[in-house]
Amino acid sequence: MQLIEAPKQEETRKYGMLIGGEWVEPLSGKTFESSNPFTGKAWATISEAEAEDVNRAVKAARHAFDEGPWGRMTGTERARLLRRLAELIGENADNLALVESTDNGKLLREMGGQLKGLPEWYYYFAGAADKIHGDTIPSDKPNFFVYTRKEPVGVVGAITPWNSPLLLLSFKLPAALAAGCTFVVKPAEHTSASTLEFGKLFEEAGFPPGVFNVVTGYGAGAGAALTAHPGVDKVAFTGSTETGKLVMKSAADHLAKVSLELGGKSPNIVFEDADVEAASNGVISGIFAATGQTCIAGSRLLVHKKSHDEIVERLSDRASTIKLGDPLADDTEMGPSAFREQMDKVLNYIDTAQGEGAELVSGGNRPDTEGLKEGFFVEPTILTGVDNDMRIAREEVFGPVLSVIPVESEEEIIRLANDTEFGLAAGIWTKDIQRAHRVAHAIRAGTIWINAYRTLSFNTPFGGYKSSGLGRENGLDSINEFCETKSVWVELSGSTRDPFTMG
Ligand code: NDP
């Protein structure tokens, strides 16, 4: 069933918020505009929630959890709803992808692929919803029967970033719903539209009102109000490390559980025996796909000195032919940055790197060609001669900028790969299988690809070491992030015991 319309040229959409199953305006009546990064023009009007709107949403989620039919449903019933939601996502995937590309400027072919694959997240966790159970524990005391129950943690407050709004929401939501939680999400201010459109599917899927709520607005307003709300039992955040620390402090004030998916500065490592063509392609994909706006971007290329010149030449040749353009066009390979400040930040990093001694071998500017200069584009950029201590090698740029760091030995590679505050991902390119596993084990990061880069799945845990995060999303274990474990002790003998000894 088609519930979501494709955005039309010259149309400006106005969005309310989804609270307790109703589409509502913010109490203040305030709104802000969301721009299409390709045209630079506003295309959607978004509600600006404040603390009182967030309070309404958390109360609706609490009511649905404590008093609505959701809290009494079995896992089998929740699974049925999740499967129906998955079907609706599939039926509306094309238009959801169009909304995302219009809002964040990412390629329609990338967003189309993401959205077509999205139902699998919901089918996977639907399959798990009736298999969430505790254990019976062989008691060390003869007169007790002991078992555990897995119970939903309660109301989840989720905050998502702008780069892949619905995919990153789906790293949290189906696991939370399978566990029996209710949910309030605040998407990024620049890309709220797809999460609001997605909210339209819930009623049709048959979810009771208040199970899924969307509040929109600014991070410092609605976002901070959500993480600080005492009615939120669990905060699930994806975004920058800097904001993640604020979120964790705010959640600590009311002792909410927290999971954080944060930034990265991932190394893509090319050994001297690597398949040069496959490795170059993997490096290009790691840094220029999605305009480099991914947490897993392979932004540091650690390449053996013996292969350095050949790889850099191949990368520069390919980077200079990457087709920039309309994210909605089939032949576009790289779209614009998601918004103006992001573009400015990326250009600034490129200048700083050159000031620190890095050499620009490809890109480095905004394209000034007709049809591109209005958008927030940055050319695919390659910097050589980067030292791992430079800012460009230490800070997350979140743009199409590759830093090439020459290396000489396996020991040096492992040391530099780990010489970062982050630990989200790494790529290793080599034909030596022993070395591949040895290095994979030595790198402190949550995901390692060997002779591959940039692949993920609903059934494989994802998350970061160090400043890249806390907890894991995807995979069956992620359901535990949304559960409490309760131990139940049952006395079997019926005898009365000494009240002053521990039994
Ligand atoms: P931000 O941290 O700036 O924002 C993320 C979200 O947090 C947005 O919804 C934002 O709202 C909100 N926010 C901002 N301030 C606060 C606050 N004080 N309290 C609560 N919420 C707040 O990140 P970006 O949106 O710029 O996303 C890019 C970052 O996300 C990168 O660092 C990237 O690596 C990381 N990321 C991590 C992933 C992972 O799984 N590890 C995946 C994808 C991205 P608003 O938009 O209004 O500012």
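Residues numbered from 1 in each chain as written. Predicted model: local features only at pLDDT ≥ 70, side-chain atom pairs only at ≥ 80, totals over all residues. Heavy atoms only, no water.

Caption draft 1: Quick peek at helix 4 (residues 119-129). Those residues of helix 4 lying buried are Pro119, Trp121, Tyr122, Phe125, Ala126, Ala128 and Ala129. In this structure, the buried side of helix 4 is in contact with helix 2 (75-104), helix 3 (108-117), helix 5 (165-170), helix 6 (173-179) and helix 7 (193-205). (Buried < 20%, exposed > 50% of the residue type's maximum accessible area, 1.4 Å probe, protein only. Helix = DSSP H or I, 4+ residues; strand = E, 2+ residues; numbered from the N terminus. Contact = heavy atoms within 4.5 Å.)

Caption draft 2: Quick peek at the site of the ligand. Near the ligand you find 30 residues, and of these Glu189, Gly219, Ser240, Leu262 and Glu396 are the closest. In the model, an oxygen atom of the ligand is placed 3.1 Å from a nitrogen or oxygen of the Lys186 side chain. Within the backbone of Leu262, an N or O atom sits 2.6 Å from a nitrogen atom of the ligand. With the chains in place, 88% of the 900 Å² that the ligand exposes on its own is no longer accessible. Cavity membership is defined here by more than half of the atoms lying within 2 Å of grid points; on that basis the ligand lies in the largest pocket. When residues of the shell around the ligand are traced back to their parent elements, those giving at least two are helix 8 (219-228), strand 11 (234-238) and helix 9 (241-252). Residues that form the shell around the ligand fall into these classes: 16 nonpolar, 10 polar and 4 charged. Inspection of the shell around the ligand shows a minimum of three residues originating in each of domain 1 (17-29 + 44-262 + 464-487) and domain 2 (267-450). (Near = heavy atom within 4 Å. Polar contact = N/O pair within 3.5 Å; in protein donor to acceptor, adjacent residues only side chain to side chain. Areas by Shrake-Rupley, 256 points an atom, 1.4 Å probe, with all protein chains shown as cover. 1 Å grid on protein atoms, 1.4 Å probe; cavity = no way out; pocket = protein on both sides within 12 Å on 5 of 7 lines; lining within 4 Å. Sits in = over half its atoms within 2 Å of the grid points. Nonpolar A, V, L, I, M, F, W, Y, C, P; charged D, E, K, R; others polar. Domains from an automatic or database assignment.)

Caption draft 3: Representation of the domain arrangement of the protein chain in the model. Taken as a whole, the protein chain is organised into domain 1 (17-29 + 44-262 + 464-487) and domain 2 (267-450). Opposite the 20 residues of domain 1 that make contact, domain 2 presents 26 residues. Summing both sides of the interface, domain 1 and domain 2 together bury roughly 2,000 Å²; the carbon and sulfur share of this comes to 57%. Considering only the surface of domain 1 that becomes buried against domain 2, Trp162, Tyr465 and Lys466 emerge as the three largest contributors, covering 30% of it. Where domain 1 packs against domain 2, one counts 0 salt bridges. The tally of links from domain 1 across to domain 2 stands at 10 residue pairs in polar contact (both at pLDDT 80 or more). Of all the elements in the fold, those that place two or more residues in the side of domain 1 that touches domain 2 are helix 2, helix 3 and strand 21 (465-466). Residues belonging to the side of domain 1 that touches domain 2 are distributed by class as follows: 6 nonpolar, 9 polar and 5 charged. (Buried area = accessible area lost by both parts, 1.4 Å probe. Salt bridge = Lys/Arg side-chain N within 4 Å of Asp/Glu carboxyl O.)

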